[in-house]
Amino acid sequence: MRLTVIVAVVVLVIGLIALIRAQRINRASIERDGLSRFRDAFRGRYPELLLAHVYAYLAERHGAVEPHYIVNPSDDLRREHGLVDLDLEDAVLVIADRAGARLPRAQELDELKLTVRSVDDLLRYLEPFFRPEVVKG
């Protein structure tokens, strides 16, 4: 009887350890998947540096600790990411600054409010600031 209980406890512990490891592996797969899907959706259209910084900013803003946050090209920045007016300007300035890209001027930021609605619009707007000739060394 006692041996049966010990064997049952050992099997239970091994099962819990296997479950925890499987969850960690799954989480790592999901993390890679979010960032990979974002890059794949835009690959070749925008610089990798721009994609990495926009994704990191949106994931960080959402509170995602690791890169598993799903960002789609058609995501509405206002509705899904809470970026409106000054928040959108701040996002552009933070993303450009972190990447060492040229910061938009005041009149360029005015254009931002009229043309940027989706994630794809944001990338299209930021792309000229991330061209090799304007990115700081």
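Preceding this section is the structure that the text describes.
Residues numbered from 1 in each chain as written. Predicted model: local features only at pLDDT ≥ 70, side-chain atom pairs only at ≥ 80, totals over all residues. Heavy atoms only, no water.

S.K.: What is the right way to look at helix α4 (residues 86-99) in this model?
M.R.: The periodicity of an α-helix, 3.6 residues per turn, causes residues three or four positions apart to be oriented the same way. In this model, α4 (14 residues) spans 20 Å end to end at C-alpha, consistent with the 20 Å of a helix rising 1.5 Å per residue. What α4 keeps buried is the set Leu-88, Glu-89, Ala-91, Val-92, Ile-95, Ala-96 and Ala-99. Relative to the axis of α4, the buried residues are bounded by an arc of 160° and lie together on one face. Against α2 (48-62), α3 (77-81), α5 (106-115) and α6 (119-126) lie the buried residues of α4. Following α4 by one or two positions, Gly-100 adopts a phi angle in the positive range, close to 80°. (Helix = DSSP H or I, 4+ residues; strand = E, 2+ residues; numbered from the N terminus. Expected span 1.5 Å × (residues − 1). Buried < 20%, exposed > 50% of the residue type's maximum accessible area, 1.4 Å probe, protein only. Arc of directions from axis to C-beta. Contact = heavy atoms within 4.5 Å.)

S.K.: For this particular structure, what's the right way to read the environment of Ser-74?
M.R.: Mapped onto the elements, Ser-74 comes out in the loop between α2 and α3. Here the alpha-carbon distance between Ser-74 and Val-119, two residues 45 residues apart in the chain, equals 6.1 Å.

S.K.: Sorry if this is basic, but what is going on with a nonpolar patch on the surface here?
M.R.: Taken together, the side chains of Met-1, Val-5, Val-9, Val-13 and Ile-17 present a nonpolar region at the surface, about 500 Å² in accessible area. As for its placement among the helices and strands, Val-13 is situated in helix α1 (residues 2-42). The partly exposed category is assigned to Val-13, whose relative accessible area is 41%. (Patch = residues over 30% accessible without salt bridge, like charges linked within 9 Å, V, L, I, M, F, W, Y side chains within 5 Å. Areas by Shrake-Rupley, 256 points an atom, 1.4 Å probe, with all protein chains shown as cover. Salt bridge = Lys/Arg side-chain N within 4 Å of Asp/Glu carboxyl O.)

S.K.: When you look at unusual backbone geometry in this model, what are you seeing that I'm missing?
M.R.: For residues besides glycine, phi is generally negative; the peptide bonds are generally trans as well. Non-glycine residue Asp-85 carries a positive phi angle of around 45°. Within the fold, Asp-85 resides in the loop between α3 and α4.

S.K.: Looking at this structure, how should I read the pattern of salt bridges?
M.R.: Oppositely charged side chains can pair when the atoms bearing their charge come close. Under the criterion given, the structure shown has 12 salt bridges. Close ionic contact of Asp-120 with Arg-45 constitutes a salt bridge, the shortest N to O distance being 2.8 Å. Of this pair, Asp-120 sits in helix α6 while Arg-45 sits in the loop between α1 and α2, placing them 75 residues apart in sequence. Residue Asp-120 is classed as buried on the basis of its relative accessible area, which comes to 13%. The class of Arg-45 is partly exposed, set by a relative accessible area of 45%. Put simply, Arg-124 and Asp-121 hold a salt bridge, and the shortest N to O gap is 2.9 Å. Of this pair, Arg-124 and Asp-121 both sit in helix α6, three residues apart, roughly one helical turn. Under the relative-accessibility criterion, Arg-124 is labelled partly exposed at 45%. Taking relative accessible area as the criterion, Asp-121 reaches 16% and is therefore assigned buried. Three or more residues are tied together by salt bridges with common partners; here these are Arg-39, Asp-40, Arg-43 and Glu-48.

Remember that the coordinates give geometry; whether it matters functionally is a separate question.
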